[in-house]
4 protein chains.
Amino acid sequence: MQLGLVGLGKMGFNMRERLRRAGHEVIGYDRNPEVTDAASLQDLVDKLAAPRTVWVMVPAGEPTRQTIAELADLLAPGDLVIDGGNSRYTDDKINSELLGGRRIGYLDCGVSGGVWGLENGYGLMVGGDAELVERAMPIFDALRPEGPREEGFAHAGPAGAGHFAKMVHNGIEYGLMQAYAEGFELLDAADLVTDVPAVIRAWQRGTVVRSWLLDLLVRALESDPELDDLRGYVEDSGEGRWTVEEAVNHAVPAPVISAALFARFASRQEDSPAMRAVAALRNQFGGHGVHQAGPSSGAGSTQAG
Amino acid sequence: MQLGLVGLGKMGFNMRERLRRAGHEVIGYDRNPEVTDAASLQDLVDKLAAPRTVWVMVPAGEPTRQTIAELADLLAPGDLVIDGGNSRYTDDKINSELLGGRRIGYLDCGVSGGVWGLENGYGLMVGGDAELVERAMPIFDALRPEGPREEGFAHAGPAGAGHFAKMVHNGIEYGLMQAYAEGFELLDAADLVTDVPAVIRAWQRGTVVRSWLLDLLVRALESDPELDDLRGYVEDSGEGRWTVEEAVNHAVPAPVISAALFARFASRQEDSPAMRAVAALRNQFGGHGVHQAGPSSGAGSTQAG
Amino acid sequence: MQLGLVGLGKMGFNMRERLRRAGHEVIGYDRNPEVTDAASLQDLVDKLAAPRTVWVMVPAGEPTRQTIAELADLLAPGDLVIDGGNSRYTDDKINSELLGGRRIGYLDCGVSGGVWGLENGYGLMVGGDAELVERAMPIFDALRPEGPREEGFAHAGPAGAGHFAKMVHNGIEYGLMQAYAEGFELLDAADLVTDVPAVIRAWQRGTVVRSWLLDLLVRALESDPELDDLRGYVEDSGEGRWTVEEAVNHAVPAPVISAALFARFASRQEDSPAMRAVAALRNQFGGHGVHQAGPSSGAGSTQAG
Amino acid sequence: MQLGLVGLGKMGFNMRERLRRAGHEVIGYDRNPEVTDAASLQDLVDKLAAPRTVWVMVPAGEPTRQTIAELADLLAPGDLVIDGGNSRYTDDKINSELLGGRRIGYLDCGVSGGVWGLENGYGLMVGGDAELVERAMPIFDALRPEGPREEGFAHAGPAGAGHFAKMVHNGIEYGLMQAYAEGFELLDAADLVTDVPAVIRAWQRGTVVRSWLLDLLVRALESDPELDDLRGYVEDSGEGRWTVEEAVNHAVPAPVISAALFARFASRQEDSPAMRAVAALRNQFGGHGVHQAGPSSGAGSTQAG
């Protein structure tokens with residue numbers, strides 16, 4: 001079928017390619033003239049035959065909200081907008097109502113798979129009306145991985161359910177990555193295991209911890225066995241934060257996902273104000289560094305506390 | 001090759017079968033007369049041709065230590081003992097020295113794969129001398145999964161390295177399971193996603209969180225979509241605890257693995273003494289439940305704190 | 001000075017008494033006819049001489065927002081409203097602007113001290129304009145504890161800063177209580193310390209952990225040495241959740257405060273969906289409870305994993 | 001009474017002074033000739049009248065074990081040794097039996113109070129036989145703070161119970177400090193509170209979070225309002241680690257104390273291997289920094305995940 005695709009960055013560019021390989025006609029729009037197929041959003045809309053389907057794949061938040069607001073003005077009743085970005089699920093109700101007021105359909109679609117999606121396909125979680133989901137199914141079928149549809153695609157529920165499912169997916173992802181990371185560091189810190197990359201490579205088959213993330217860790221260790229070429233500085237995107245917020249809102253204990261998020265926060269701090277406070281307190285009661293408190297000596301020095 | 005196998009429980013029974021299918025001659029010993037091939041440890045040893053290889057697959061701790069002590073008396077110089085159980089890595093040095101003193105070889109082998117290992121093969125992590133590892137390689141090759149050897153088998157280092165690697169593997173496993181579990185609970189608690197099992201099933205292909213554990217979760221949800229047939233009561237075996245202890249010993253931050261372990265502890269408590277203390281404190285300062293503290297009223301009741 | 005006080009619950013009732021003891025004229029309003037001094041909010045306002053000061057001490061959220069909206073209609077330019085409840089700091093900007101539009105002043109005041117405040121005084125954290133703070137200082141001075149003003153009172157910053165400071169105060173409070181609680185449980189679990197209440201009582205003087213909360217724990221243990229009369233079921237109010245949300249928003253690692261919050265969530269669960277998922281996973285890979293997987297025996301049973 | 005005191009470091013030096021002020025005769029021994037009263041341990045023992053009481057106040061671990069072994073040789077039946085250092089409670093059984101075999105008494109005493117103990121007194125938790133405790137009570141009474149004995153002193157149980165109680169005390173201390181620290185950082189990170197030290201100072205009276213540690217934080221902020229003169233690098237002593245280990249051994253959930261410990265570990269890492277692993281994984285699946293993965297553009301760039 002024919003699809004308009006707004007946003008041809010790391011994700012959208014590959015998705016256009018995958019859709020085209022599957023025989024779909026994709027007209028892409030991006031502000032980058034080197035990759036775009038249309039001169040403007042208006043031009044994109046003009047190039048599509050009604051009823052149109054436009055997939056939005058731009059950064060979450062303001063860029064997505066603005067793109068959808070513009071599409072609300074440009075599209076016609078009966079058209080369909082799909083937000084495939086990492087939007088917060090609370091935006092979907094707003095978008096859905098804005099477009100619904102003009103009789104334009106709306107679906108939210110959480111997309112997982114990263115740069116591997118071009119070859120492997122993308123895991124898809126969709127929110128919105130069943131009949132709209134059905135209408136866009138050829139697109140979903142082209143984007144999702146080979147195999148049974150239900151193993152790479154879900155109609156998760158009403159508007160917002162797709163992004164909510166993706167948010168939780170990413171929260172889990174934070175926890176999984178941190179679990180492997182802690183294990184890696186412990187193997188590394190204890191000198192007993194002499195070939196850490198070999199051990200992790202050996203976990204790929206037969207073990208309980210085998211996973212795609214593990215395969216990627218093996219891949220990373222192949223080119224950099226000590227991971228020395230990287231710094232332990234880790235960004236976080238919105239989903240991890242939102243997952244913790246939703247857990248708090250729903251009184252769901254989420255110690256692992258929040259610990260993984262906080263580890264990322266800490267990884268970006270040059271120096272921790274909190275730990276300065278702890279150091280200050282130890283100094284205050286234990287006299288650590290307060291040399292006038294009393295003569296210290298070899299056998300005689302017992303740590304205060 | 002010929003192998004003696006002590007312990008024919010859930011793991012050992014299946015391993016004997018897998019080894020036999022691969023053409024090895026396995027003589028198993030178990031106290032259970034219905035499954036054993038030998039009348040006693042002595043009988044097992046008598047039935048093996050020197051130099052013997054005996055795989056020990058009995059519960060970690062005292063049973064394993066005792067079995068190895070008995071084997072030390074029964075075996076002869078040049079024989080080889082492999083401990084495939086979930087022993088603490090610190091036992092391996094002791095076992096290695098005990099057997100080494102009698103010129104009996106020793107390998108420790110962490111084995112992962114559970115009840116699926118019979119069909120899928122087992123992930124193996126081995127500690128000990130390279131030449132002993134080489135000698136037992138036909139056994140390892142039969143037990144490990146199909147595919148490249150290094151994706152299901154590693155010689156991790158000297159004695160203890162195999163069990164250390166397995167310990168860390170299980171610590172990671174705790175974190176992975178807890179991450180999925182928190183995500184499952186959050187999907188369940190928020191009413192937005194109307195078909196939680198469908199969402200989790202859809203994560204099996206293409207997504208970042210796909211894994212064998214996820215496949216197992218899908219499997220569990222197939223027969224029990226709300227997991228209502230189970231109680232949230234979770235045992236822990238030694239490895240999770242040891243992983244946290246080793247992290248503490250090596251000053252490795254392990255917030256995720258420890259949080260997963262503590263969640264299991266809490267799952268087994270009818271009532272938490274710690275939370276009773278928190279409840280008592282709130283009562284003390286906030287007068288929660290101390291009705292004589294002051295007249296309360298509708299609009300007038302502001303929570304103390 | 002003269003003060004109108006809306007809300008005579010657990011907190012407001014005691015505050016009226018403390019203010020009166022200090023010689024202030026307090027006219028209280030509460031829906032409960034047994035404690036109120038005024039028949040209605042209108043009556044309260046009528047009874048106050050302009051320029052009026054009205055302290056709002058009703059439950060956070062809708063009740064407070066509604067009370068302030070009503071006061072905005074009833075009060076006159078030059079009057080002053082102080083919200084002393086546990087409102088979220090984000091409400092203060094709204095209230096401040098609503099009232100400011102009518103030239104009514106607004107201060108937000110975080111109040112700590114619980115049922116003990118009547119005798120001990122209340123710790124106060126105030127947000128808003130300095131001149132309004134100065135104007136209400138006689139009230140603050142009467143409510144705060146004896147001793148230097150700056151040890152029980154702070155002008156924390158502009159509108160919202162008082163409630164923000166109180167929110168963080170309560171977040172810390174969660175962490176402190178949980179720390180004592182974990183220590184209590186560990187003392188209790190290990191049988192070595194034969195008189196746990198005596199040990200905790202002995203921490204009241206000289207030690208690093210001495211605090212008012214510790215004094216309260218000692219008090220609780222006096223009447224119930226095992227804390228057996230209570231259940232380990234702990235509510236949470238908004239501030240703990242908001243603290244975690246703000247930490248997430250500001251990328252501040254808050255592992256301790258969030259762990260304390262999650263422990264409360266878990267304390268209220270009859271059964272944990274997350275832990276059911278973990279139990280289901282262990283069952284799937286380890287065959288725990290799946291008896292057909294293989295004959296188990298005494299020495300032969302090695303735990304799968 | 002007469003007391004021998006081995007170790008005149010930060011703690012022992014002050015304790016000698018406090019005991020002398022109380023009228024006790026203290027003969028101190030330290031390897032530092034500037035502070036010692038005796039030339040050697042032998043000399044110390046010679047200077048004491050039988051039955052002797054010797055307080056050991058040297059660093060935990062090997063120094064303490066060695067000192068006690070030497071005293072076992074030098075002392076006579078009927079003498080008494082008190083270990084006041086931060087020894088692990090498991091050492092106490094060993095020491096107690098070693099000395100008991102020579103009919104020398106043994107008490108373990110956890111001592112809290114830091115450099116402030118000289119003036120404020122020390123919180124004391126003692127393990128051992130009641131009659132030995134009674135015998136040394138004049139010393140305990142001189143060291144403990146003014147006020148009721150039971151508020152600064154406890155006979156916690158048999159040998160080891162004193163150090164166990166002190167270990168838990170320190171574990172709690174870790175949690176308390178981290179709770180304050182997280183609150184401090186959050187106040188600091190949000191720009192709303194304009195005078196953070198003023199807010200913390202105002203928590204000293206009337207609030208729920210008032211404590212001695214809070215007073216010390218106020219003190220630290222007085223001289224360094226942003227805590228800029230310090231680095232967020234925090235050591236840990238044995239007790240925090242042992243507390244987590246004991247919690248794990250007794251299946252006691254200790255999320256707060258362990259989080260506080262792990263925060264210290266992380267504070268000392270230049271770069272985190274675990275976070276390098278997370279960064280590597282994000283790079284692998286999201287193409288972060290792998291620029292050849294696909295053309296990126298302005299509006300078109302949607303974060304992969």
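Residues numbered from 1 in each chain as written. Chains lettered and ligands numbered in written order. Predicted model: local features only at pLDDT ≥ 70, side-chain atom pairs only at ≥ 80, totals over all residues. Heavy atoms only, no water.

As annotated in an unreviewed UniProt entry, chain A carries the name 6-phosphogluconate dehydrogenase (Decarboxylating) and comes from Goodfellowiella coeruleoviolacea.

At the junction of the two partners, chain D supplies 80 residues and chain A supplies 80 residues. For the pair chain D and chain A, the summed buried surface comes to about 6800 Å²; carbon and sulfur atoms form 61% of the total. Our enumeration of links across chain D and chain A arrives at two salt bridges. A salt bridge links Asp228 of chain D to Arg276 of chain A, with the nearest nitrogen and oxygen atoms 3.9 Å apart. (Contact = heavy atoms within 4.5 Å. Buried area = accessible area lost by both parts, 1.4 Å probe. Salt bridge = Lys/Arg side-chain N within 4 Å of Asp/Glu carboxyl O.)

This brings us to the sheet that holds strand S2 (residues 25–29) of chain B. By definition, the strands of a sheet pair up through backbone hydrogen bonds, in either a parallel or an antiparallel sense. Residues and elements named next belong to chain B. On the basis of which strands lie adjacent, the open sheet formed by seven strands has the order S2-S1-S3-S4-S5-S6-S7 and mixed pairing. The open sheet has two edge strands with one neighbour each: S2 and strand S7 (153–157). Going from strand to strand, the sheet's axes swing by 25 degrees on average, the running direction of each strand aside. Bridging between strand S3 (residues 53–56) and strand S4 (residues 80–83) involves four bridges; their strand directions are parallel. Residue pairing across strands places Val54 opposite Val81, the latter belonging to S4. (Pairing = 2+ DSSP bridges. Helix = DSSP H or I, 4+ residues; strand = E, 2+ residues; numbered from the N terminus. Axes fitted to C-alpha atoms, helices over the stretch in contact; angles between N-to-C directions.)

Residue and element names in this part refer to chain D. Viewed as axis vectors pointing N to C, helix H11 (residues 238–249) and helix H12 (residues 255–267) meet at an angle of 135 degrees, and their least axial separation amounts to 10 Å. With respect to their mutual orientation, H11 and H12 come out oblique. Between H11 and H12 the crossing geometry is left-handed. In this structure, H11 contributes Gly240, Arg241, Thr243 and Val244 to the contact, and H12 contributes Ile257, Ser258, Leu261 and Phe265. Of the residues assigned to the contact of H11 with H12, the class counts are four nonpolar, three polar and one charged. (Parallel < 35°, antiparallel > 145°, perpendicular 65-115°, else oblique. Left-handed = near helix turned anticlockwise from the far one by under 90°. Nonpolar A, V, L, I, M, F, W, Y, C, P; charged D, E, K, R; others polar.)

A few words on the interface of chain C and chain B. Contact residues are listed per partner, giving 81 residues for chain C and 80 residues for chain B. Of the roughly 6900 Å² buried between chain C and chain B, counting both surfaces, carbon and sulfur atoms make up 61%. One can count two salt bridges joining chain C with chain B. Of all the secondary structure elements, the ones that give two or more residues to the side of chain C that touches chain B are helix H1 (10–21), strand S5 (105–112), helix H8 (161–189), helix H10 (212–223), helix H12 (255–267) and helix H13 (273–286) of chain C. Here the side of chain C that touches chain B gets 13 residues from one element, more than from any other, and that element is H13 of chain C. Across the side of chain C that touches chain B, the residue classes break down as 36 nonpolar, 29 polar and 16 charged.

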